[in-house]
Amino acid sequence: MTRITNLFYQLPIRWKITLWSSLVLFILFVTYNSIQYYVMRSWMIDQEERNIQDKMNEVQAYLADKPFLVDRTEIIYSSGFLEKVNEANELIRIIDRDGNLVLAVATNLPQELLVTPVESDNLEHVKVSGKHYLIHRQPVITNGFIGYIEIIRDLKNYERLRKLIFLVTWSAGAGAILLSGVGGMLIARKLLKPIAALTDTMKRIKKRGFKERVPQDSNERDEIADISNMFNEMMTDVETSFQKQKQFVEDASHELRTPISILEGHLSMLNRWGKNDPEVLEESLKASQQEVERLKMLVFELLELTRLESDRFEIGDDVISPVPVIEELLKKFTLLHPEFSFEFENRLKDDIKIQMADRHLEQLLIILLDNAVKYSMESRKVEMMAERKADKFIFHIKDYGIGIPKEDLEKIFNRFYRVDKARSREKGGQGLGLSIAKRIVHNYNGLIEADSKEGEWTLIHLQFDIEKHSE
């Protein structure tokens, strides 16, 4: 080993650069192929998820559009429709609110899936007997039945294609790596000086941080200068990402400290003497469970906000009519909160459309309506209005609750900001809902603003561009 090391040190600099450039190219190929494989896999699984979501929407629409009473018997009679829409290696089943199976249509799926309950309302990937399944569950609410629709799909075709892409990607990468040695010799003749500059910059970055950049000559406009520019731009992106990650960790650490301390206190008390006192034991377990629920919700909202702020957020290409989405969501909220009065005034004179995925609009409205309900006081009324101003779609949500102080209006969209921290904590608020709402709106080039009078009302204002070709 020592002999090989000494031999390497005695090589001419161009050979050293050739070896190093080959190594760098090897790392780049591995990184590129890994990213390429991940992107392709993500795209394929996203297509599967979209398909199962479309199937869910079709089944829900079928049950919701019936003009007559849709009860358990009518749902059982809908098996013919489910058999038509059911595909190979797919299971569609309907269960009641107590988890009892009402109807199931399956093709080529193991029977144990018929009795395996899905505990999440979101898309879920599970492994059963070594096979990969995608499960989607959504509530179904009709004028005679309340329950859930579950669609389970065997992803064996996806798994076959994924393995094939993996094989092709890495086979091509292996061939490219073999050519990198030859390319290294050519690169060494041209990149000696720039590589030295890059190396020095990397050393400075390692020592001083991400603010260091490769020195550039403003008179140079060749490919080498482009490489230096690209490196500097990449480091700017890395620095930005690092700062976001740092802020994320700081915010998360700050918010996690309180529930963890509470859990630690209760567990310590139980360990010392509380486990022998049934009353104390029950109280501590209940408090600990509440803190665990807060932790779970906090982590979920942090991950959702991070996804919205990253490049992984997919802006929907759909052009939708917002009013039907609003009206459909109001029906659900009316069922969930019968003690509230939800008033919707539609001032639109014609059908307008905006560019936005309906699921993102629904997620945005759920956040705003949930806040309106959560922070209402004696008045159980929520007012909404849709109108058009020039080429803008305007939507207002107004509640008559605790209100927001004037000095806090510009801060309510910040992460973890809560006007009334004690009240927010009692109601399970994490201070992330409006941050998520703002990020959704900004991703679609919209505008969200707030106005309020403390102790009386709060008004949220939304604005989106109207699609011209829809008129």
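Not measured: the values here are computed from a predicted model.

Analysis parameters
Residues numbered from 1 in each chain as written. Predicted model: local features only at pLDDT ≥ 70, side-chain atom pairs only at ≥ 80, totals over all residues. Heavy atoms only, no water. pLDDT = per-residue confidence, 0-100. Helix = DSSP H or I, 4+ residues; strand = E, 2+ residues; numbered from the N terminus. Contact = heavy atoms within 4.5 Å. Pairing = 2+ DSSP bridges. Axes fitted to C-alpha atoms, helices over the stretch in contact; angles between N-to-C directions. Polar contact = N/O pair within 3.5 Å; in protein donor to acceptor, adjacent residues only side chain to side chain. Parallel < 35°, antiparallel > 145°, perpendicular 65-115°, else oblique. Left-handed = near helix turned anticlockwise from the far one by under 90°. Core = buried A, V, L, I, M, F, W, Y, C linked by side-chain atoms within 4.5 Å. Buried < 20%, exposed > 50% of the residue type's maximum accessible area, 1.4 Å probe, protein only. Patch = residues over 30% accessible without salt bridge, like charges linked within 9 Å, V, L, I, M, F, W, Y side chains within 5 Å. Areas by Shrake-Rupley, 256 points an atom, 1.4 Å probe, with all protein chains shown as cover. Salt bridge = Lys/Arg side-chain N within 4 Å of Asp/Glu carboxyl O. Phe/Tyr/Trp six-rings, centres within 6.5 Å; stacked < 30°, edge-to-face > 60°. Lys NZ or Arg CZ within 6 Å of the ring centre and 35° of its normal.

Comments concerning the confidence of the model for the protein chain
Taken over all residues, the pLDDT of the protein chain has a mean of 77, while the share at 70 or more is 76%. Across the protein chain, the element-wise mean pLDDT spans from 47 in helix 10 (residues 421–426) up to 93 in strand 10 (residues 392–399). When the criterion is pLDDT under 50, residues 421–426 qualifies, and its contacts beyond four places in sequence or with other chains add up to twelve contacts.

So, the sheet that holds strand 11 (residues 447–453)
Sheet architecture is open: five strands sit in the order 7-9-10-12-11, paired in mixed fashion. At either end of the open sheet lies a strand with only one pairing partner, and these are strand 7 (341–346) and strand 11. With direction set aside, neighbouring strand axes in the sheet form an average angle of 15°. Along the sheet, helix 8 (residues 322–336) contacts strand 7, strand 9 (381–389) and strand 10; its crossing angle with strand 7, the most-contacted strand, is approximately 170°.

A look at the side chain of Thr458
The residue Thr458 is located in strand 12 (residues 457–465) in this model. A polar atom in the side chain of Thr458 sits 3.2 Å from the side chain of Ser452. With residues up to four places along the chain from it excluded, the contact list for Thr458 reads Ile397, Lys398, Asp399, Gly403, Ile404, Asp451 and Ser452.

Observations regarding the packing of helix 8 against helix 9 (residues 358–374)
Interaxial distance between helix 8 and helix 9 falls to 10 Å at its minimum, and their mutual angle equals 45°. Taken as axis vectors, helix 8 and helix 9 run oblique relative to one another. Crossing handedness for the pair helix 8 and helix 9: right-handed. Every residue of helix 9 that contacts helix 8 at Pro322, Val325, Ile326, Leu329, Leu330, Lys332 and Phe333 is listed here: Asp358, Leu361, Glu362, Leu365, Ile366, Leu369 and Asp370.

Focus: the sheet that holds strand 3 (residues 124–128)
Taken together, five strands build an open sheet; the order of strands is 2-1-5-4-3 and the sheet is antiparallel. Each having just a single partner strand, strand 2 (101–106) and strand 3 make up the two edges of the open sheet. Sheet twist, expressed as the mean angle between neighbouring strand axes with direction ignored, is 20°. Summarising the sheet, strand 3 and strand 4 (residues 131–141) pair through five bridges and their orientation is antiparallel. Bridge assignment links Val128 to a residue of strand 4, and that residue is Lys131.

A closer look at the nonpolar core
Within the largest apolar cluster, 43 residues are counted, with the highest numbers of intra-cluster contacts made by Leu364, Phe393, Phe395, Leu462 and Phe464. Among the elements of the structure, helix 8, helix 9, strand 9, strand 10, helix 11 (433–443) and strand 12 are those that each provide at least two residues to this core. Here this core gets eight residues from one element, more than from any other, and that element is helix 9. Formed by 25 residues, the second largest nonpolar core is a distinct cluster that contains Ile45, Ile92, Ile94 and Val140.

Remarks on a nonpolar patch on the surface
On the surface, Trp20, Leu23, Phe26 and Ile27 cluster together to form a nonpolar patch covering roughly 390 Å² of accessible area. Mapped onto the fold, Leu23 is located in helix 2 (residues 13–64). Exposure remark for Leu23: the relative accessible area of 38% places this residue in the partly exposed category.

Quick word on the packing of aromatic side chains
Ring pairs (aromatic) are described by centroid distance and by the angle formed between their planes. Evaluation of the coordinates by the stated rule reveals five aromatic pairs. Ring geometry for Tyr37 versus Phe166: centroids 5.3 Å apart, planes at 75°, classification edge-to-face. Residue Tyr37 is found in helix 2, and its partner Phe166 is found in helix 5 (residues 156–208); the two are separated by 129 residues along the sequence. Since its relative accessible area comes to 13%, Tyr37 is described here as buried. On the basis of relative accessibility, which here comes to 42%, the residue Phe166 falls in the partly exposed class. Their ring planes at 55° and their centres at 6.3 Å tell us that Phe344 and Phe395 sit as a pair that is tilted. One end of the pair, Phe344, is in strand 7; the other, Phe395, is in strand 10, and 51 residues separate them in sequence. On the accessibility criterion, Phe344 (22% relative accessible area) is partly exposed. Here the aromatic cluster, defined as three or more aromatic residues joined through ring pairs, consists of Phe333, Phe340 and Phe342. Directly above the aromatic system of Tyr148 lies the positively charged group of Arg137, at a separation of 3.8 Å from the ring centroid. For the cation-ring pair, Lys398 lies above Trp457, with the distance from its terminal atom to the ring centre recorded as 4.8 Å.

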